[in-house]
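Descriptive analysis of the structure
Below are the chains, spelled out letter by letter.
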Amino acid sequence: MIAYFEIEERPAQGLIQRLKWRLDPLSRLEIQTRCLKTAAFWQVCWPVRQGLGAEELEKQARQGLNLLRQKGVHRTAAAERWRAAVVQTGLAPVTEDRLWPAAGFQAVMAELKARKADLDKTWVCVAAQRADRDVVRCVRALAGKVRYLTVQTQAGEDYLADMLYQDFGIARQSSAPPEYARLLAAFPGAEKQDGIALIPGGCPGLRLLAPDWARTQKPAGMTEELYAAMLLENGLIRPQDIRALPAENRA
């Protein structure tokens with residue numbers, strides 16, 4: 001089971017409620033089941049008294065997460081401030097790290113669109129440490145969209161170059177006409193240089209969203225990217241289902 005965990009500060013509870021929570025701590029977990037197609041996840045709220053200090057809030061988070069683990073949850077999404085507590089309680093944290101490489105193609109295309117780039121006069125360079133599945137998927141998709149495409153990887157570059165030539169007729173390219181625009185898309189581990197990095201915060205002008213049919217179940221306090229990452233890690237959506245859009249405050 002996968003869950004989204006959040007803490008809600010509330011006014012102090014009455015004596016009866018405090019006794020109930022002490023005698024039956026599991027009753028304190030407020031759980032909503034949210035269904036998507038044939039699978040589901042839990043939205044979990046852990047209420048705490050208002051006015052607690054940072055150290056006490058961390059202790060409360062660990063207490064709630066431990067109870068969640070007892071109920072069979074194995075992977076948990078939470079706001080960044082609670083992720084250390086997620087790890088400390090033996091749960092696997094959901095982060096946005098996997099989301100950006102998985103949606104590399106969508107991110108590159110959204111960036112090109114935001115720049116109003118002519119796809120026939122833009123040189124796209126994909127840089128990565130190795131040719132993993134995210135890189136291969138991105139390169140194959142881009143090969144059908146742009147005219148000039150170069151790959152730079154520490155491992156697997158020859159494989160990608162051969163694939164581009166055999167499947168798409170794109171020969172190795174070390175340069176493009178000087179008047180062409182250039183965009184470098186750097187996967188995790190590669191140097192960003194002058195372009196976009198497919199990591200959280202590496203594309204400040206873009207945001208990633210789950211598909212519309214899934215967003216109706218997003219908890220109100222959950223960020224769009226964390227929600228999409230949770231669905232992706234749980235197999236509820238595929239990488240190609242992720243949408244990339246310009247940020248609302250993009251210059």
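Residues numbered from 1 in each chain as written. Predicted model: local features only at pLDDT ≥ 70, side-chain atom pairs only at ≥ 80, totals over all residues. Heavy atoms only, no water.

1. Considerations on the overall build of the protein chain
Regarding its fold elements, the protein chain presents nine helices and 11 strands. Looking at the protein chain as a whole, 46% of its 251 residues are labelled buried. Considering only contacts in the protein chain between residues 6 or more positions apart, those separated by 24 or more positions represent 67%. Averaged over its 35 positive side-chain charges, the protein chain has a centre that lies 5 Å from the centre of its 29 negative ones. (Helix = DSSP H or I, 4+ residues; strand = E, 2+ residues; numbered from the N terminus. Buried < 20%, exposed > 50% of the residue type's maximum accessible area, 1.4 Å probe, protein only. Contact = heavy atoms within 4.5 Å. Lys, Arg positive; Asp, Glu negative; His and termini not counted. Charge placed at Lys NZ, Arg CZ, Asp CG, Glu CD.)

2. Quick look at helix α2 (residues 54-70)
For α2, with 17 residues, the first-to-last C-alpha span of 25 Å sits near the 24 Å given by 1.5 Å per residue. Here the buried face of α2 lies against β1 (2-10), β3 (39-49), β4 (75-78) and α3 (83-88). Looking one or two places after α2, you find G72, whose phi comes out positive at around 100°. (Expected span 1.5 Å × (residues − 1).)

3. Here we look at the nonpolar core
The nonpolar side chains of soluble globular proteins are, as a tendency, buried together. Judged by nonpolar contacts, the single largest core of 53 residues is most densely connected at V126, L149, Y227, M230 and L231. Among the elements that take part in this core, helix α9 (residues 224-233) stands out by supplying seven residues, more than any other. (Core = buried A, V, L, I, M, F, W, Y, C linked by side-chain atoms within 4.5 Å.)

4. Digging into the pairing of strand β6 (residues 122-130)
Most of β6 sits out of view: seven of its nine residues are buried. Strand direction decides the pairing type here: β6 and strand β8 (residues 181-186), joined by six bridges, are parallel. Along β8, the bridge assignment pairs V126 with A185. Between β6 and its parallel partner strand β7 (residues 148-155), the chain crosses via helix α6 (residues 133-143), and the hand of that crossover is right-handed. (Pairing = 2+ DSSP bridges. Right-handed = clockwise from strand over helix to strand, strands pointing away.)

5. Here we look at the pattern of salt bridges
By the definition in use, this model includes 14 salt bridges. Note that R98 and D134 form a salt bridge whose closest N and O atoms lie 3.0 Å from each other. Residue R98 is located in the loop between β5 (92-94) and α4 (99-102), and its partner D134 is located in helix α6; the two are separated by 36 residues in the primary sequence. Connected via shared salt-bridge partners are D212, R215, E224 and R243. (Salt bridge = Lys/Arg side-chain N within 4 Å of Asp/Glu carboxyl O.)

6. Concerning the side chain of D134
With relative accessibility at 7%, the residue D134 sits in the buried group. Only 3.0 Å separates the side chain of D134 from the side chain of R98, close enough to count as a polar contact. Apart from residues lying up to four places away in sequence, D134 is in contact with R98, P101, A102 and F187. (Polar contact = N/O pair within 3.5 Å; in protein donor to acceptor, adjacent residues only side chain to side chain.)

7. Remarks on the sheet that holds β7
Overall, parallel pairing links the four strands, which are arranged β7-β6-β8-β9 in an open sheet. The sheet terminates laterally at β7 and β9 (195-197), the two strands that pair on one side only. Sheet twist, expressed as the mean angle between neighbouring strand axes with direction ignored, is 15°. Where helix α5 (residues 104-114) meets the sheet, it contacts β6, β8 and β9, and its direction lies at approximately 150° from that of β8. Sitting on the sheet, α6 is in contact with β6 and β7, with an inclination near 165° to β6. (Axes fitted to C-alpha atoms, helices over the stretch in contact; angles between N-to-C directions.)

8. A look at the side chain of Q43
Relative to the elements of secondary structure, Q43 occurs in strand β3. In terms of polar contacts, Q43 uses its side chain to reach the side chain of E6, at 3.1 Å. In this structure, Q43 is in contact with Y4, E6, E30, I31, Q32, R34 and P219, ignoring residues within four places of it in sequence.

9. A word on the sheet that holds β4
Within the open sheet, the five strands sit side by side as β2-β3-β1-β4-β5. Their pairing is mixed. The open sheet is flanked by β2 (30-36) and β5, the only strands paired with a single partner. Within the sheet, the average angular offset between the axes of one strand and its neighbour, ignoring direction, is 30°. Across seven bridges, β2 lies against β3 in antiparallel orientation. Residue pairing for β3: C35 is matched across the bridge by A40.

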